[in-house]
Each structure stands twice: as structure tokens, then as C-alpha cells.
Amino acid sequence: MAQQGNRSDRETCCCSICLDLLKDPVTIPCGHNYCMSCIKSHFNEEHQKKIYSCPQCRETFVPRPDLVKNTMLADLVEELNKAGFQEAPADHYAGPEDVACDFCTGRKLKPHYKSPAFENHKLVDPSKKLKQKICPDHKEVMKIFCCTDQKCICYLCSMNKHKGHETVSAEAERTARQEELGASLQNTQQRIQTREEEVKVLQQEVEVINQSANKAVEDSEKIFTELICLIKEKSSELKQQIRSQQMSEVNQVKQLMKKLEQELAELKKKDAELKQLSRTEDHTEFLLSYPLQSNASDSTDTSNIKIRPLRYFEDVKAAVSKVRDKLQDIIGEEWCKFSLTVRSVDVLLPKAEPKTRDEFLKYSYQMTLDPATVHNQLILTDRDRNVEDRYSLTFNSHPNRFTERQQVLSRDSLTGRCYWEVEWSGKEVSVAVAYKNISKMDESGFGNNSKSWALDCFKKGYKFKHNNVTTLISGPQSSRVGVYLDASAGILSFYSVSDTMTLLHRVQTTFTQPLYAGIWLSTTLE
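What counts, and at which threshold
Residues numbered from 1 in each chain as written. Predicted model: local features only at pLDDT ≥ 70, side-chain atom pairs only at ≥ 80, totals over all residues. Heavy atoms only, no water. Helix = DSSP H or I, 4+ residues; strand = E, 2+ residues; numbered from the N terminus. Buried < 20%, exposed > 50% of the residue type's maximum accessible area, 1.4 Å probe, protein only. Contact = heavy atoms within 4.5 Å. Areas by Shrake-Rupley, 256 points an atom, 1.4 Å probe, with all protein chains shown as cover. Pairing = 2+ DSSP bridges. Axes fitted to C-alpha atoms, helices over the stretch in contact; angles between N-to-C directions. Polar contact = N/O pair within 3.5 Å; in protein donor to acceptor, adjacent residues only side chain to side chain. Phe/Tyr/Trp six-rings, centres within 6.5 Å; stacked < 30°, edge-to-face > 60°. Lys NZ or Arg CZ within 6 Å of the ring centre and 35° of its normal. Expected span 1.5 Å × (residues − 1). pLDDT = per-residue confidence, 0-100. Disulfide = S-S within 2.5 Å. Salt bridge = Lys/Arg side-chain N within 4 Å of Asp/Glu carboxyl O.

### Here we look at the overall build of the protein chain
Looking only at helices and strands, the protein chain features eight helices and 21 strands. Counting the 526 residues in the protein chain, one finds 29% classified as buried. Restricting to contacts in the protein chain with at least 6 residues of sequence separation, those with at least 24 account for 52%. A total accessible area of about 36,200 Å² is found for the protein chain, and carbon and sulfur atoms account for 52% of it.

Right, dumping it as C-alpha cells:
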């Protein structure tokens, strides 16, 4: 019993890495004990993977566990060292330096490689798990495999609890499974090689993405700087023109003002002379002086002088404001293209499409229709979210309005991943996506050109149209159609929506412009 206690202490205080008594023992989170230096070296080998594992149970840890000395184990190891403890291997189990033998009983440490007496004994590699090979019920080596229960047993078990079961030798089962293991190992190694190559490719892709993004930022900043410089240059030119015109006009006004001031001085002088003449009592003197006073100088024509306070350069302000508004419109329209181009950068495979309606609704898009595009035989209601057939309505003309087909586009472009549903009634409806520059003034409806994709819905079926090519679609009839769009991945899908989601048609393409949702209605005149 004392020997068993000593063995238990020895096993508790033994490091499974160096197979020696623990030195500065530490306990890691899974409960196993190691020398401080041994487990540090093991974790250092795993540092690049950033995932650390126990050498015994293979439990993984993230982040790297902090190692703290186990003082209780340290005290126990110190007591064993003071006692001068030397292990005597048990009768049935080999120690770390013993050679395991399937034939020998008692101690396994024998001169098998030197003595001819043991030349017929079958040796196996030293193992730390010999206890697992011993049957817990009969204390015999488990050399038989029960195929029925899929477990290793000893020969006594085969005659008792496993009697009548299909059994083979452990060696035969190992041979069969070794072949499977070989195939699995080869497959694993191929997958490792593939994954390593993919990791290298992705690492290179990260570098390319970073370089490309940095270059795009640098180039964009340069272009915007040039644009800003151009605007500043034009602003400076306009400022100089205004100042030059200001100086010219002010000089003209000052010249006229100087002339008028001179004339005013002459008039005041003449006024004084005439007053003095009027007071002369001598008739002869008066008559002699009068002709001279009547010769008045030519008066300046002031009929063209018009006072317009604060209005001289208002037309310039209006012209500049007009340029600003046009520039804002251009930037607003083009900015969607910039954003779409940025979002279209996708190195990895597209994300999996949603499967259930709840998953689709995570990308729900609250659509509003654009009154500026609606045909005059349609009317928008419910805050521009509903479109109905209403003939003989009158709308103001607008360059974006459909004039030939009873169609309407959404007000905003569709960005990222989005999903919306269209509830319809009537004879026929077309649910579509289109570029904003689709023709508004011809008979080409949604799906009949390269700028739109449309699902036509009838009471008895569906048709998909793009670039004037029609494809008949089969699927369950429903008054509700779901549309899923992942513009950056180039995915457009139409679904019949009822209690379940049924895919009607899926498109995989490349969208080159921002997309808008579209609706076409069959009106009463058709």
C-alpha cells in the first residue's frame, strides 16, 4: 500500500513533457501540471498560431494562459526530493523508461535486446497510457476488438459480457482502420496544403487590397485637390473680373461726378452774377451786362443716370449660384456611382443568401416611389409607397418621367444587400430593377432593354425578361413577390412569398450602375 501511495505521489508530481519530477510546477486551466520551463517552451512553439493547447488533453486556450507557480505541488515535490524517493515500477505497468512487453509479467524492464531468453517476446513502444490498455474488470491486456460494441476487450470479456458478439483481434481491426487512417491522413494533408496555399493567396490579397486602397485614396485626394484648385482658380478669376469691372464703373461714375461738380460750380458762380445784375439800378449798365450773362455754357446730359442700389452685381451672384446647384446635382448623381464602385470591391466569395423570410427581412428595404418618374396614368398613394391605375391624370413635365409606359422608379438607389416585397392585384404587373438612365420616352418597358431586369406576374404564371429575352418561369402563384438584391455580388433573386419562400428566378451578373426598384402596371386601356 505504501508503494502504491508513493507511485501516486510520483505520478502526481511527474511532468508529462520531460518525464521527470516537476520543477517550479504550474497548473494550467485544464488542471494538468507541468514544469514551468517545459510548458513555456511548449507554448512558445505555438505562439505563431495564437492558439495554445494542453500537451495531454489537447484543450485549447485563447489567449495564452498566465503561468503561476503551484506552491502546494512545489512543497510535495520538495518532500519527495528530501526523502530521496526512487520509483520502483509496479508489477503490471512499465515506467517511463521501461520497455512494454506483451509476454512478460511482473516488471517490464528486462534486457530484451541482450538476452536470447526474451527473443520470442513481442515488444511495443514505451507508452504512458498502459493503464488504458488493461481491462478494468479482469486486469488483462485488451487485445480483442468487439465490432458489435465498437470497443476493445480482453479475452475474458469475449467469453462473458461480449459472448456471441462479432470480434476480431485488435491487430486486425487496427490494420483495417489504418487503411482508413491513411486515406484520411492523405486527405487531411491535401487540405492542409490547400489551406496553406489559400492563406498565402489571401495574405497576398491583403497586401494588394491595402496597396490598391492606399493608391485609390492618394489618387482621389490628388483629383479632389485639383478640383478644389480649379474652383479656387475660377473663383479668383471671377473675383478679378468683378474688381476690374467695379473699378471701370466707379471711374466712369467719378469722371461724370467730377464733370457735374465743375458744372455745378459754374452754375453757382453764374447764379451769384445774375443775382447781382438783378439788383443793378442803372438801366444802361444793366443792358450792357445782360447779353454777356445770357451766354450759358452747354449743360451735361444726365438723362441716362439711373440709381439701382445694391443691384449692380446681383446677376453675377445668381450665375454663380446656378453653377453651384449644377455642381451639387452632378456630384449627387455621380456619388452613388463612387459608393457603388467602392462597395463592389469583394475579394471573397459572396455571402450565403438568406433562406427563411425572417432572414430576408433582416435586409428589409422601405421603398418610396419617385413622383417625378410616375406615368400620368398612374397615381401614388400611401406616402408614395403604393401605385394604382388612375387614367387621365395630369402631371407637370419632367425629364425623368415615363411618357410611353405605365411605369415608375423608386426615389432612392438600392445599396448593399436589400430585400423588399411587392403585393399586387389586377391583370398583370412587372416587378423590376433598372438603371436610372433607362429610356423614359419610348415603348421599351422593363426587361426589354439591357438596363433593366423584370419579373412579369400573371394570374397563371411568371415570365422573366432582360435585354428583350423572355424566359418562362414556373412556380406557386402568390399575390406577393419578394425581391432580394446583393448589388456588389451581382445577385438578383425573385421569390413567391406565402407561408414559405419559393425561389422563382435568380440572376448572377455584374451591375455597372446604381439600381432602382421599378413597377409596371397593366392599365385599364390595355
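Once the structure has been displayed, the description carries forward.
### Remarks on the sheet that holds strand 9 (residues 167–169)
One open sheet holds the three strands; their spatial order is 8-7-9, and the pairing between them is antiparallel. Edge positions in the sheet fall to strand 8 (151–153) and strand 9, since each of these pairs with one other strand and no more. Within this sheet the neighbouring strands show an average axis-to-axis angle of 35 degrees, counted without direction. In the sheet, strand 7 (residues 144–146) pairs with strand 8 via three bridges, with the strands oriented antiparallel. By the bridge assignment for strand 8, Cys 146 is matched with Lys 151. Sheet strands touched by helix 5 (residues 170–278): strand 7 and strand 9. Its angle to strand 9, the strand with the most contacts, is close to 85 degrees.

### Details of the side chain of Gln 407
For Gln 407, the location among the structural elements is in strand 12 (residues 407–409). What makes Gln 407 buried here is its relative accessible area of 0%. A distance of 2.8 Å separates the side chain of Gln 407 from the backbone nitrogen of Phe 446, its partner in a polar contact. The contacts of Gln 407, once residues within four sequence positions are left out, are Thr 373, Val 374, His 375, Leu 378, Phe 402, Gly 445, Phe 446, Ile 519 and Trp 520.

### Quick notes on the sheet that holds strand 15 (residues 452–458)
Taken in spatial order, the six strands line up as 12-21-14-15-16-17 in an open sheet, and their pairing is antiparallel. Two strands lie at the open edges of the sheet, namely strand 12 and strand 17 (469–473), each paired on one side alone. Pairs of neighbouring strands in the sheet enclose a mean axial angle of 20 degrees, with direction left out of account.

### Focus on the pairing of strand 18 (residues 480–486)
Among the seven residues that make up strand 18, six are buried, leaving the element largely enclosed by the rest of the structure. Relative to strand 18, strand 13 (residues 417–423) runs antiparallel, the two being bridged by seven bridges. Looking at strand 18, one finds that Glu 423 is bridged to Arg 480. With six bridges joining them, strand 18 and strand 19 (residues 491–497) adopt antiparallel strand pairing. Along strand 19, the bridge assignment pairs Val 483 with Phe 494.

### Thoughts on the packing of aromatic side chains
In the structure shown here, the tally under the stated rule is 10 aromatic pairs. Arranged with centres 6.4 Å apart and planes meeting at 70 degrees, the rings of Tyr 363 and Tyr 484 form a pair that is edge-to-face. In this pair, Tyr 363 is assigned in the loop between helix 8 (357–361) and strand 10 (378–381) and Tyr 484 in strand 18, connecting sequence segments 121 residues apart. Given a relative accessible area of 27%, Tyr 363 falls into the partly exposed group. Plain terms: the ring middles of Phe 464 and Phe 494 are 6.1 Å apart, the flat faces sit at 55 degrees to each other, and that makes the pair tilted. Of this pair, Phe 464 sits in strand 16 (residues 462–466) while Phe 494 is found in strand 19, placing the two residues 30 residues apart along the sequence. An identical accessibility class is assigned to Phe 464 and Phe 494; each is buried. Sitting over the face of the ring of Phe 402, Lys 440 holds its NZ or CZ atom 5.7 Å from the ring centroid.

### Re helix 3 (residues 71–82)
Helix length check: helix 3, at 12 residues, gives a terminal C-alpha distance of 16 Å against a target of 16 Å (1.5 Å per residue), a fit within 8%. Capping the start of helix 3 is the job of one residue whose side-chain oxygen sits 3.2 Å from the backbone nitrogen of Met 72: Asn 70.

### Concerning the environment of Val 62
Position of Val 62 relative to the elements: it lies in the loop between strand 4 (60–61) and helix 3. Expressed as a C-alpha distance, the spacing of Val 62 and Lys 50, which sit 12 residues apart in the sequence, is 7.2 Å. Discounting chain neighbours no more than four positions away, the residues touching Val 62 are Lys 50 and Ile 51.

### Considering the confidence of the model for the protein chain
Caution applies to low-pLDDT parts of the model: their predicted coordinates are not meant to be read in detail. Looking at the protein chain as a whole, its pLDDT mean stands at 80, while 79% of the residues score no less than 70. Predicted confidence is poor over residues 1–5, with pLDDT under 50, and the contacts of this stretch with residues over four places away or in other chains come to two contacts. Ignoring residues within four places in sequence, the model shows residues 86–97, a span with pLDDT below 50, making 27 contacts including any to other chains.

### Examining the state of the cysteines
Defined simply, a disulfide is a covalent bond joining two cysteines at their sulfur atoms. Under the defined criterion, the tally for this structure stands at zero disulfides. With no disulfide partner, Cys 15 has as its closest neighbouring cysteine sulfur the one in Cys 18, 3.8 Å distant. By relative accessible area, which is 0% here, Cys 15 ends up buried.

### A word on the pattern of salt bridges
Tallied over the entire structure, the rule returns 15 salt bridges. Asp 137 is the partner of Lys 161 in a salt bridge, and the nearest nitrogen-oxygen pair spans 3.2 Å. Of this pair, Lys 161 sits in the loop between helix 4 (155–159) and strand 9 while Asp 137 is found in the loop between strand 6 (123–124) and strand 7, placing the two residues 24 residues apart along the sequence. Of the residues examined, Asp 137 reaches a relative accessible area of 49% and is grouped as partly exposed. Among the salt bridges present, the one from Glu 198 reaches Arg 195, with a minimum N-O distance of 2.9 Å. With Glu 198 and Arg 195 both in helix 5, this residue pair falls three residues apart, about one helical turn. Connected through shared salt-bridge partners, Arg 357, Glu 421, Glu 423 and Arg 480 make up one network.

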